[in-house]
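Residue-level listing of the chains:
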Amino acid sequence: MTVRAETSVSDDGENPETGRVDGHQVGPTAPLDPQLAEFTDSVAHFGHVSSTEPGDRVDLKALLPDVERTAGTDVGHAAVLTVHHAALQAVLRHGHEELRRRYLDQLLAGKTLAALAITEPEVSSSNPRMLASKATRDADGWVLDATKSCITAAGWAGLLVTVVPFTVDEGTALTAVAVAADSPGVTIAPREDTIGLRSVPVCGIRFDGVRIEPWQILGEIGGGSMSSAKDS
């Protein structure tokens, strides 16, 4: 179950007693903001996959006009649409069969939203090789420990695509993984008080001892720069 940090926040933030942000409940199992629920019900906004290579990649030519039209009404929802498809791209191009079986249909229909969780408190997403997070190996597999910040739609996403250094014999190997937002050890922090994108919960995320199964790894260990959602 996803844990929410128990901190006091302003009127614009999450009330830890009610689990609500700006009057709306947050979290991967919470009802969507009414406007976003209507937005996701329009399947035309989602599942922009190339017809020439079915199931291979997001069709950017089909997606971008929708992003532009959505931004004319709500820039925050346009940001959700963008990061959702960026994460979807990673699943389409590098996702294990089991990951695709569990999430692809819901992602394509917009019934489960995805978020990119790369930025850290001291490291931007544009500089992933400096990330402080880590995944270490034990007798049962991989364990993820990370703190991410400023993650767009973290309070709504059901699937988090993140990039972390895996500790290997040669040092570290930057690797992309997909983690369910309700996994044990995942904590969604209260909403950050942003100047813009106020229609979307921008939150920090903690991964504390989160177990990573082989099917959650996008591509190969060490292929993070290729497997991340920025791969086009």
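The protein chain appears in an unreviewed UniProt entry as Acyl-CoA oxidase/dehydrogenase middle domain-containing protein from Mycobacterium pseudoshottsii.

1. Quick look at the overall build of the protein chain
The number of helices and strands found in the protein chain is five helices and twelve strands. Each of the 232 residues in the protein chain was classed as buried or not, and the buried ones make up 49%. Within the protein chain, counting contacts between residues at least 6 apart in sequence, those at least 24 apart form 66% of the total. By element, 51% of the accessible surface of the protein chain is carried by carbon and sulfur atoms, the whole surface being about 11200 Å².

2. Details of the side chain of Lys148
Within the secondary structure, Lys148 is located in strand E7 (residues 141-152). Under the relative-accessibility criterion, Lys148 is labelled buried at 1%. One polar contact links the side chain of Lys148 to the main-chain carbonyl oxygen of Ile118, over a distance of 3.1 Å. Within the structure, Lys148 has its side chain in polar contact with the side chain of Glu120 (distance 3.0 Å). Leaving out residues up to four positions away in the same chain, Lys148 has contacts with Ala117, Ile118, Thr119, Glu120, Leu131, Ser133, Thr162, Val163, Val164, Gly204, Ile205 and Phe207.

3. A word on the pattern of salt bridges
If you walk through the whole model with that rule in mind, you get six salt bridges. As a salt-bridge pair, Arg69 and Asp66 come within 2.3 Å of each other at their nearest N and O atoms. Of this pair, Arg69 and Asp66 both sit in helix H2 (residues 60-73), separated by three residues, roughly a single helical turn. Take Arg69: its relative accessible area is 54%, and that puts it in the exposed class. Judged by its relative accessible area of 6%, Asp66 is buried. Two residues, Asp138 and Arg211, come together in a salt bridge whose shortest N-O distance is 2.7 Å. Taken together, the residues Asp138 in strand E6 (residues 134-138) and Arg211 in strand E11 (residues 202-212) connect sequence positions 73 residues apart. We classify Asp138 as partly exposed; its relative accessible area is 32%.

4. What to know about the packing of aromatic side chains
On inspection of all chains with the given rule, the structure shows one aromatic pair. Considering the side-chain rings of Trp142 and Phe166, the 4.6 Å spacing of their centres and the 50° angle between planes classify their relative orientation as tilted. Placement of the pair is Trp142 in strand E7 and Phe166 in strand E8 (residues 159-168), with a sequence separation of 24 residues. Taken individually, Trp142 and Phe166 each receive the classification buried, so the pair is uniform in this respect.

5. Description of the side chain of Ser149
Within the secondary structure, Ser149 is located in strand E7. A distance of 3.3 Å separates the side chain of Ser149 from the backbone oxygen of Glu120, its partner in a polar contact. Apart from residues lying up to four places away in sequence, Ser149 is in contact with Thr119, Glu120, Pro121, Glu192, Cys203 and Gly204.

6. Observations regarding the packing of H2 against helix H3 (residues 75-94)
Where H2 contacts H3, the two axes come as close as 6 Å, and the packing angle between them is 155°. Regarding the angle of H2 to H3, the classification is roughly antiparallel. Of the residues in H3, those in contact with Leu63, Asp66, Val67, Thr70, Ala71 and Thr73 of H2 are Val75, His77, Ala78, Leu81, Thr82 and His85. Residue composition of the contact of H2 with H3, by class: six nonpolar, five polar and one charged.

7. Description of the packing of H3 against helix H4 (residues 97-109)
Here H3 crosses H4 at 145°, and the two axes come no closer than 11 Å. Where H3 crosses over H4, the handedness of that crossing is left-handed. Each of His84, Leu88, Val91 and Leu92 in H3 lies in contact with H4, whose residues at this interface are Leu99, Arg100, Leu104, Leu107 and Leu108. Along the lines of polarity and charge, the residues of the contact of H3 with H4 split into seven nonpolar, one polar and one charged.

Rules behind the numbers
Residues numbered from 1 in each chain as written. Predicted model: local features only at pLDDT ≥ 70, side-chain atom pairs only at ≥ 80, totals over all residues. Heavy atoms only, no water. Helix = DSSP H or I, 4+ residues; strand = E, 2+ residues; numbered from the N terminus. Buried < 20%, exposed > 50% of the residue type's maximum accessible area, 1.4 Å probe, protein only. Contact = heavy atoms within 4.5 Å. Areas by Shrake-Rupley, 256 points an atom, 1.4 Å probe, with all protein chains shown as cover. Polar contact = N/O pair within 3.5 Å; in protein donor to acceptor, adjacent residues only side chain to side chain. Salt bridge = Lys/Arg side-chain N within 4 Å of Asp/Glu carboxyl O. Phe/Tyr/Trp six-rings, centres within 6.5 Å; stacked < 30°, edge-to-face > 60°. Axes fitted to C-alpha atoms, helices over the stretch in contact; angles between N-to-C directions. Parallel < 35°, antiparallel > 145°, perpendicular 65-115°, else oblique. Nonpolar A, V, L, I, M, F, W, Y, C, P; charged D, E, K, R; others polar. Left-handed = near helix turned anticlockwise from the far one by under 90°.

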